[in-house]
Amino acid sequence: MTGVPASAAGGSSGAQRARGTAAAADGARSEISGSASAPADEGGKAPRGGKITAAAVNQASVWNVANLLTMLRLLLVPGFVALMLADGGYDPAWRSLAWAAFAIAMITDLFDGHLARTYNLVTDFGKIADPIADKAIMGAALICLSALGDLPWWVTAVILGRELGITLLRFLVIRYGVIPASRGGKLKTLTQGVAVGMYVLALTGWLATLRFWVMAAAVVLTVVTGLDYVRQAIVLRRRGIAERAAVLEEKDA
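Residues numbered from 1 in each chain as written. Predicted model: local features only at pLDDT ≥ 70, side-chain atom pairs only at ≥ 80, totals over all residues. Heavy atoms only, no water.

Engineer: I'd like to hear about the overall build of the protein chain, residue by residue, with values.
Structural biologist: What the protein chain contains, in helices and strands, is eight helices and zero strands. Tracing the protein chain from N to C terminus, the helices and strands come up as α-α-α-α-α-α-α-α. Burial statistics for the protein chain: of 253 residues in total, 30% are counted as buried. Taking as baseline every contact in the protein chain between residues at least 6 positions apart, the subset at least 24 positions apart corresponds to 74%. Within the structure as shown, the protein chain displays about 16100 Å² of accessible surface, and the carbon and sulfur contribution to it stands at 68%. (Helix = DSSP H or I, 4+ residues; strand = E, 2+ residues; numbered from the N terminus. Buried < 20%, exposed > 50% of the residue type's maximum accessible area, 1.4 Å probe, protein only. Contact = heavy atoms within 4.5 Å. Areas by Shrake-Rupley, 256 points an atom, 1.4 Å probe, with all protein chains shown as cover.)

Next up, the structure:
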């Protein structure tokens, strides 16, 4: 007769009780987890609050650091004009404060685009507001300088005409592709900023002579890079038209 030892029997029943307890615990955890993750609506629909939350996140994304820097640059424009024209526009102290506002605007222009691209903060607002802020601060400085007689009007017309013309050109050829920013364009922007900043300050002597040559270099770069952008736009348009024609021929075939 083969019997089962009492200790073995007890161990077997104890193991069964342990497994039963573990199963019950697992069931409880599953039930709690299921209730926590269950959708609010029947049929697998997402909770009503989900869309509201997503919309709130999308709205909040506009208020990122890159866009805030762009907004700051826009707000600096009227402040810069007020400082530039204060006390007749020739007081060195006020001109120094105007230069500080212009310098801050130029510095934020260097950082907002980099931050937006690096940390995925690109928004539709930023795409529109950033170029507007760039043109606004530079245009305000050039017009103020020409109005005060510190800078010839033809220089202001060449620089602003080029900036507005290239912006319009980009929109006209955007259906065919994007004209990338070139090194010459970046150098042009830097030279323009330095030259205009030197004119904003009440400089005399050799510094006044130096700023003349820096502005001359800025004007040359403005014209040369503008012509290069026109060339790129023509090439891009021709390429886009050729590609579309090839696609149509393939469809017809």
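Engineer: Outline the packing of helix 3 (residues 65-85) against helix 4 (residues 92-118), listing residues and values.
Structural biologist: At a minimum axis distance of 9 Å, the contact between helix 3 and helix 4 shows a crossing angle of 160°. By the angle between their directions, the pair helix 3 and helix 4 is classed as roughly antiparallel. Pair helix 3 / helix 4 crosses with left-handed handedness. (Axes fitted to C-alpha atoms, helices over the stretch in contact; angles between N-to-C directions. Parallel < 35°, antiparallel > 145°, perpendicular 65-115°, else oblique. Left-handed = near helix turned anticlockwise from the far one by under 90°.)

Engineer: Describe the packing of helix 4 against helix 7 (residues 183-200), naming the residues involved and giving the relevant values.
Structural biologist: Taken N-terminus to C-terminus, the directions of helix 4 and helix 7 make an angle of 165°; their axes are 9 Å apart at the nearest point. Looking at the two axes, helix 4 sits roughly antiparallel to helix 7. Helix 4 and helix 7 meet at a crossing whose hand is left-handed. From helix 4, Arg-95, Ala-98, Trp-99, Phe-102, Met-106 and Asp-109 reach across to helix 7, where they touch Thr-189, Gly-193, Val-196, Gly-197, Tyr-199 and Val-200. By residue class, the composition of the contact of helix 4 with helix 7 is seven nonpolar, three polar and two charged. (Nonpolar A, V, L, I, M, F, W, Y, C, P; charged D, E, K, R; others polar.)

Engineer: Before we move on, can you summarise the pattern of salt bridges with the specific residues and values?
Structural biologist: For the structure on display, the rule yields eight salt bridges. Residue Arg-73 is joined to Asp-130 by a salt bridge in which the shortest nitrogen-to-oxygen separation is 2.7 Å. With Arg-73 in helix 3 and Asp-130 in helix 5 (residues 124-147), this pair connects stretches of sequence that are 57 residues apart. Arg-231 is the salt-bridge partner of Asp-228, the closest N and O atoms lying 3.0 Å from each other. One end of the pair, Asp-228, and the other, Arg-231, are both in helix 8 (residues 206-252), three residues apart, so they sit about a helical turn from each other. Here Arg-231 falls in the partly exposed class, since its relative accessible area comes to 48%. Members of the salt-bridge network, linked through shared partners, are Arg-73, Asp-109, Asp-112, Asp-130 and Asp-134. (Salt bridge = Lys/Arg side-chain N within 4 Å of Asp/Glu carboxyl O.)

Engineer: Just give me the short version of helix 4, but keep the residues and values in it.
Structural biologist: For helix 4, with 27 residues, the first-to-last C-alpha span of 39 Å sits near the 39 Å given by 1.5 Å per residue. Structurally, the start of helix 4 carries an N-cap: the backbone nitrogen of Ala-93 is 2.8 Å from a side-chain oxygen of Asp-91. Immediately beyond the C-terminal end of helix 4, within one or two residues, lies Asn-120, with a positive phi of roughly 55°. (Expected span 1.5 Å × (residues − 1). Polar contact = N/O pair within 3.5 Å; in protein donor to acceptor, adjacent residues only side chain to side chain.)

Engineer: So, helix 7: which residues are in play, and what are the values?
Structural biologist: Taking 1.5 Å as the rise per residue, helix 7 with 18 residues should run 26 Å; its terminal C-alpha atoms sit 26 Å apart, in good agreement. Restricting attention to buried positions, one finds in helix 7 the residues Gly-185, Lys-188, Thr-191, Gln-192, Gly-193, Ala-195, Val-196, Gly-197, Met-198, Tyr-199 and Val-200. Residues of helix 7 that are buried make contact with helix 3, helix 4, helix 5, helix 6 (153-173) and helix 8.

Engineer: Could you give me a rundown of the side chain of Thr-70, with the residues and numbers involved?
Structural biologist: For Thr-70, the position within the fold is in helix 3. Those residues within four positions of Thr-70 in sequence are excluded, and the remaining contacts are Asp-112, Ala-129, Asp-130 and Ala-133.

Engineer: Talk me through the nonpolar core; I want residue IDs and the actual numbers.
Structural biologist: One finds Phe-80, Met-84, Phe-102, Val-196 and Met-215 to be the most contacted residues of the largest nonpolar core, which totals 30 residues. Every element with two or more residues in this core is listed here: helix 3, helix 4, helix 5, helix 6, helix 7 and helix 8. The biggest single contributor to this core is helix 5, with seven residues. Setting aside anything within four residues of it in sequence, one finds Met-215 in contact with Leu-151, Val-155, Ile-159, Ala-195, Val-196 and Tyr-199. In this structure, Ile-166, Val-173, Tyr-229 and Ala-233 belong to the second largest nonpolar core, which totals seven residues. (Core = buried A, V, L, I, M, F, W, Y, C linked by side-chain atoms within 4.5 Å.)

Engineer: Tell me about the packing of aromatic side chains, residues and numbers included.
Structural biologist: Summed over all chains, the structure comprises two aromatic pairs. Pairing Phe-80 with Phe-102 gives two aromatic rings, centres 6.0 Å apart and planes at 45°, and the pair type is tilted. Here Phe-80 is found in helix 3, whereas its partner Phe-102 is found in helix 4, with 22 residues between them in sequence. Judged by its relative accessible area of 1%, Phe-102 falls in the buried class. Between Phe-212 and Trp-213 the ring centres are 5.2 Å apart and the planes differ by 80°, which places this aromatic pair in the edge-to-face class. Judged by relative accessible area, Phe-212 falls into the partly exposed class, the value being 45%. Judged by relative accessible area, Trp-213 falls into the exposed class, the value being 56%. Positioned above the aromatic ring of Tyr-199 is the side chain of Arg-211, whose terminal nitrogen or guanidinium carbon lies 4.5 Å from the ring centre. (Phe/Tyr/Trp six-rings, centres within 6.5 Å; stacked < 30°, edge-to-face > 60°. Lys NZ or Arg CZ within 6 Å of the ring centre and 35° of its normal.)

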